[in-house]
Amino acid sequence: MTSFFWSNGHLGWPFFGVLVYSVLCLLAGDIVWRLTPAPFRKILAAMAIVWAAGVVVLVAL
Amino acid sequence: MTTFLVQVLVLVLLVVLVGIWALRFPYPAFWLRPFLPARKRWPEREIRDWLGNGRFHRGFLKFFNRDPERNPPSEPGLLAPADGLITSAEVRDGIRYLVIALSFWDMHVQRSPAAGKVVVIEPSGDEYMDGEGRNFSFLREKHCPVQTRVVIDTASHGRLAVRLITSVAARRIEVWPGVGDMLARGQRLGRILLGSTVVLEIPERFAICVQTGQRVWAGETLVTAGAPT
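How each quantity is defined
Residues numbered from 1 in each chain as written. Chains lettered and ligands numbered in written order. Predicted model: local features only at pLDDT ≥ 70, side-chain atom pairs only at ≥ 80, totals over all residues. Helix = DSSP H or I, 4+ residues; strand = E, 2+ residues; numbered from the N terminus. Buried ≥ 20, exposed ≤ 12 C-beta atoms within 10 Å, placed from the backbone. Contact = placed C-beta atoms within 7 Å. Pairing = 2+ DSSP bridges. Core = buried A, V, L, I, M, F, W, Y, C linked by C-beta atoms within 7 Å. Domains from an automatic or database assignment. Nonpolar A, V, L, I, M, F, W, Y, C, P; charged D, E, K, R; others polar. Axes fitted to C-alpha atoms, helices over the stretch in contact; angles between N-to-C directions.

## Considerations on the overall build of chain B
Then, in step 1: Broken down by element type, chain B carries four helices and eleven strands.
Then, in step 2: Among the 229 residues that make up chain B, the fraction classed as buried is 29%.
Then, in step 3: Here the analysis covers contacts within chain B between residues at least 6 apart in sequence; of these, 69% occur between residues at least 24 apart.

And the structure:
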């Protein structure tokens, strides 16, 4: 049985990918926040867009 | 099954990473520190916390205690005795007091501004003020001089003094040469352990070539140039 969450005895790859990608986005966002003088809200908005785009790609794969 | 176990392992690893990150927040997690500049690697608030509990980050202490080689310029003139930011250059009674404020991230070894002979080392002053106008006279009761003034007799600039002043956080000043020792230009003079201010006292007739707000480096930045005016 194959689905988004579960596939042949393991987590579905898109689901697994979204989890890993989300954590990496969070940590990358932290680095960007520390290294750039941009306002927090701008960074948050940019990271949200990047995260959403990545999730769309992962789900579409 | 193997795939599932690998996935779980990866997710557990990521959860641990996020957990450490969250526990450390807003300070950077250990894996992030190497990629950050010093001021971001050890934020001021975190350093002040360490001052309170005495548990300093080992990496910060190593960074703080660094003592790099310096190359004095060949041009004549007095050298800055410390790394830091010039905050004042007031003249009083014919003496210019060039105040250099050191931050937590500055190198804390002081250097001689000119070649000369150490004639006086005064381990304390009448006033116990730091560069920010705070009075630390209460520290007089402790075995910790909060101010040391090193007077140097130089052939080029007459009698100068370098005053090492600590802040509330600091307790120790080290002055390495003794009275009567000869100093080379840019030679290591001492160290303030977690101190904050170094004052160079120069006769007024020497024009300075630095200004308030300028960054200077011990043993490398010229603070005076040319002949006395």
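Further notes follow.
## Structural notes on the sheet that holds strand β4 (residues 116-122) of chain B
All names here are of chain B.
Then, in step 1: Taken in spatial order, the eight strands make up an open sheet running β8-β4-β5-β6-β10-β2-β1-β11, and their pairing is antiparallel. Only two strands of the sheet have a single partner each, and these edge strands are β8 (182-183) and β11 (215-216).
Then, in step 2: One ladder, built from seven bridges, connects strand β1 (residues 84-92) with strand β2 (residues 95-101); its direction is antiparallel. When the sheet's bridge partners are listed, Arg92 is paired in β2 with Ile95.

## Here's the deal with the pairing of β4(B)
On a regular strand, each side chain points to the face opposite its neighbour's, so the side chains alternate between the two faces of the sheet.
Residue and element names in this part refer to chain B.
Then, in step 1: Sheet analysis places β4 next to β8, joined by two bridges and oriented antiparallel. Considered in β8, the bridge of Gly116 is made with Leu183.
Then, in step 2: The pairing of β4 with strand β5 (residues 147-154) spans five bridges and is antiparallel. Bridging from a neighbouring strand, Val120 pairs with Val151 of β5.

## Notes on the environment of B:Val151
All names here are of chain B.
Then, in step 1: With respect to the helices and strands, Val151 occurs in strand β5.
Then, in step 2: The partly exposed category is assigned to Val151, around which 18 C-beta atoms lie within 10 Å.
Then, in step 3: C-alpha separation for the pair Val151 and Gly116, spaced 35 residues apart in sequence, amounts to 9.7 Å.
Then, in step 4: Sequence-distant contacts of Val151, that is, excluding residues within four places in its chain, are made with Val119, Val120, Arg159 and Ala161.

## Structural notes on helix α3 (residues 44-53) of chain B
Think of an α-helix as turning once every 3.6 residues; residues three or four places apart then point the same way.
Then, in step 1: The element α3(B) is barely covered by neighbouring structure, given that only zero of its ten residues are classed as buried.
Then, in step 2: Phi for B:Gly54, located one or two positions after α3(B), is positive at around 75°.

## Quick look at the environment of A:Ala48
Then, in step 1: Mapping A:Ala48 onto the fold places it in helix α2 (residues 40-60).
Then, in step 2: Here the alpha-carbon distance between A:Ala48 and A:Ala60, two residues twelve residues apart in the chain, equals 18 Å.

## Here we look at the nonpolar core
Nonpolar side chains in soluble globular proteins tend to end up buried together.
Then, in step 1: If you look at the biggest cluster of nonpolar residues, it comprises 32 residues, and the most contacted ones within it are B:Ala80, B:Leu98, B:Ile100, B:Val198, B:Leu200 and B:Val223.
Then, in step 2: In contact with B:Ala80, not counting residues within four places along its chain, are B:Ile100, B:Val216, B:Trp217, B:Ala218, B:Thr221 and B:Val223.

## Details of the pairing of strand β6 (residues 158-165) of chain B
All names here are of chain B.
Then, in step 1: Across eight bridges, β5 lies against β6 in antiparallel orientation. Following the sheet pairing, Thr148 is matched in β6 by Leu164.
Then, in step 2: Linking two consecutive strands that pair antiparallel, namely β5 and β6, is a turn of three residues.

## A few points about the domain arrangement of chain B
Residues and elements named next belong to chain B.
Then, in step 1: Along its sequence, chain B is carved into domain 1 (2-64) and domain 2 (84-216).
Then, in step 2: Contact residues are listed per partner, giving six residues for domain 1 and four residues for domain 2.
Then, in step 3: At the level of secondary structure, the elements contributing two or more residues to the side of domain 1 that touches domain 2 comprise α2 (38-41) and α3.
Then, in step 4: Of the residues belonging to the side of domain 1 that touches domain 2, the class tally is four nonpolar, no polar and two charged.

## A look at the sheet that holds strand β9 (residues 188-193) of chain B
All names here are of chain B.
Then, in step 1: Spatially, three strands are ordered β3-β9-β7 in an open sheet, and the strand pairing comes out antiparallel. Of all the strands in the sheet, just β3 (109-111) and β7 (172-175) have a single pairing partner and so form its edges. Neighbour to neighbour, the strand axes of the sheet diverge by 20° on average, direction disregarded.
Then, in step 2: Examined bridge by bridge, β7 and β9 share four bridges and lie antiparallel to one another. Paired with Arg172 across the bridge in β9 is Leu193.

## As for the environment of B:Thr221
Residues and elements named next belong to chain B.
Then, in step 1: Mapped onto the fold, Thr221 is located in the segment after β11.
Then, in step 2: For Thr221, a count of 23 C-beta atoms within 10 Å puts it in the buried group.
Then, in step 3: Distance from Thr221 to Ala82, taken between C-alpha atoms, is 9.3 Å for residues 139 residues apart in sequence.
Then, in step 4: Every residue in contact with Thr221, bar those within four places of it in the chain, is listed here: Leu79, Ala80, Val210 and Val216.

## Section: unusual backbone geometry
Then, in step 1: Between B:Phe25 and B:Pro26 the backbone carries a cis peptide bond, its omega angle lying at 5°.
Then, in step 2: By the element assignment, B:Pro26 lies in the loop between α1 (2-24) and α2.
Then, in step 3: Even without being glycine, A:Asn8 reaches a positive phi, approximately 45°.
Then, in step 4: Mapped onto the secondary structure, A:Asn8 falls in the loop between β1 (6-7) and β2 (10-11).
Then, in step 5: A positive phi angle, close to 55°, is found at B:Asp93, a residue other than glycine.

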